[in-house]
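What follows is the residue order along each chain.
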Amino acid sequence: MDRWTYANVPDLTGKTAIVTGANSGLGFVSARELARKGAKVIMAVRDERKGGAAKAEIEQAITGADLDLRLMDLADLDSVRAFAAGVDGRIDILMNNAGVMMPPRTLTKQGFELQFGANHLAHFALTGLLLDRLADDGRVVTVSSDLHRRGRIDFDDPHGERRYSPLGHYAQSKFANVLFALELDRRLTVAGSRIRSLVTHPGYSATNLQTSGPRGVLKWGGWLGNRIFAQSVDMGALSQVYAAVAPQAQGGQFIGPHRGMRGYPVVARPVASAEDPESARRLWTLSEQLTGVVYKFPG
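Overview of the structure. Please read these numbers as outputs of a predicted model, since none were measured by experiment. (Residues numbered from 1 in each chain as written. Predicted model: local features only at pLDDT ≥ 70, side-chain atom pairs only at ≥ 80, totals over all residues. Heavy atoms only, no water.)

Remarks on the pattern of salt bridges
Then, in step 1: Following the criterion strictly, the structure yields 14 salt bridges and no others.
Then, in step 2: One salt bridge connects Asp 132 with Arg 133, and the closest N-O pair in it is separated by 3.3 Å.
Then, in step 3: A relative accessible area of 64% means that Asp 132 is categorised as exposed.
Then, in step 4: One salt bridge in this structure joins Arg 187 and Glu 183, with 2.8 Å as the shortest N-O distance. Linking Arg 187 with Glu 183, this pair stays in helix H5 (residues 166-190), spanning four residues, or about one helical turn.
Then, in step 5: Look at Glu 183 and you get buried, because its relative accessible area is 4%. (Salt bridge = Lys/Arg side-chain N within 4 Å of Asp/Glu carboxyl O. Buried < 20%, exposed > 50% of the residue type's maximum accessible area, 1.4 Å probe, protein only. Helix = DSSP H or I, 4+ residues; strand = E, 2+ residues; numbered from the N terminus.)

Here it is, written out as structure tokens:
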């Protein structure tokens, strides 16, 4: 197979990218590699101290890196709106990367279950608010997880008010990422837009998600898995960087490691239920109602 690596990233001089969750893990690597090839990278982070340290690390590694650190809390739609309002100029790449994983039941500022709210609803809102600033040939890359295969949308109880499972609601949020990204691409295509929407997953990659959110046995399992089974964060981020910049990447594709949980990026297939247009339309309507963001498509 042809192995796509960071060496294949084209020159990005003059391009602007937004990466959410850019202070650590997959987002940090993505921001670093996009900046390495000349892109201006807006690093959207929740914690200014951690974001500043990440920015300094990239600047030390890459002379002349063009980085813009900005605050955004995905657990607060007011923060998402303020961030979007502060973005000027054309955006070539929007990477919806940030997320939380398997915490005890927690609510966002607006009262949404945290994983559904931060992983899906906030990125749905951010993308809609920035849609008119995306370049004609821009790309939206939404990062899901292979655990989406265990997910479904509980339309009667999306926020786990009656029953909550850290793993089950994480899978729901990652399933929502796939439904959203594929439906966004369908709607862009119908509108005659050249903007591409893709969805990716990093396989099993050793990030801090596995240990920062879970509690008890889930936290212990994440710690052990990161040391025994996981691939490096650099390898995990390959799929989302490929989706963001590879000329051959097409809208509506699901990109992941060639060996499922490990390896180089290839076009894969999500679970069949995540390709259901009717479920995607139901989720879209619910997301508009909950966020108050109604998309206005070009043309």
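Structural notes on the packing of aromatic side chains
How two aromatic rings sit relative to each other is given by the distance of their centres and the angle of their planes.
Then, in step 1: Scanning the model with the defined rule gives eight aromatic pairs in all.
Then, in step 2: With a centroid separation of 5.1 Å and an interplanar angle of 80°, the aromatic rings of Phe 124 and Trp 284 are classed as edge-to-face. Residue Phe 124 is located in helix H4 (residues 114-130), and its partner Trp 284 is located in helix H9 (residues 277-291); the two are separated by 160 residues in the primary sequence. Each member of the pair, Phe 124 as well as Trp 284, carries the same accessibility label: buried.
Then, in step 3: Ring-pair connections join several aromatic residues into one group, and the members of that group are Phe 124, Phe 180, Trp 284, Tyr 295 and Phe 297.
Then, in step 4: One Lys or Arg, Arg 282, reaches over the ring of Phe 155 and ends 3.9 Å from the middle of that ring. (Phe/Tyr/Trp six-rings, centres within 6.5 Å; stacked < 30°, edge-to-face > 60°. Lys NZ or Arg CZ within 6 Å of the ring centre and 35° of its normal.)

Thoughts on the layout of surface pockets
Then, in step 1: Of the pockets and cavities examined, the second largest pocket occupies roughly 280 Å³.
Then, in step 2: Along the walls of the second largest pocket sit Arg 150, Gly 151, Arg 152, Asp 154, Asp 157, Arg 163, Tyr 164, Ser 165, Gly 168, His 169 and Gln 172, which together make up its complete lining.
Then, in step 3: When grouped by side-chain class, the residues that make up the lining of the second largest pocket number one nonpolar, five polar and five charged. (1 Å grid on protein atoms, 1.4 Å probe; cavity = no way out; pocket = protein on both sides within 12 Å on 5 of 7 lines; lining within 4 Å. Points joined across faces, edges and corners; volume = space filled by probe spheres on them. Nonpolar A, V, L, I, M, F, W, Y, C, P; charged D, E, K, R; others polar.)

Structural measurements only, silent on function.
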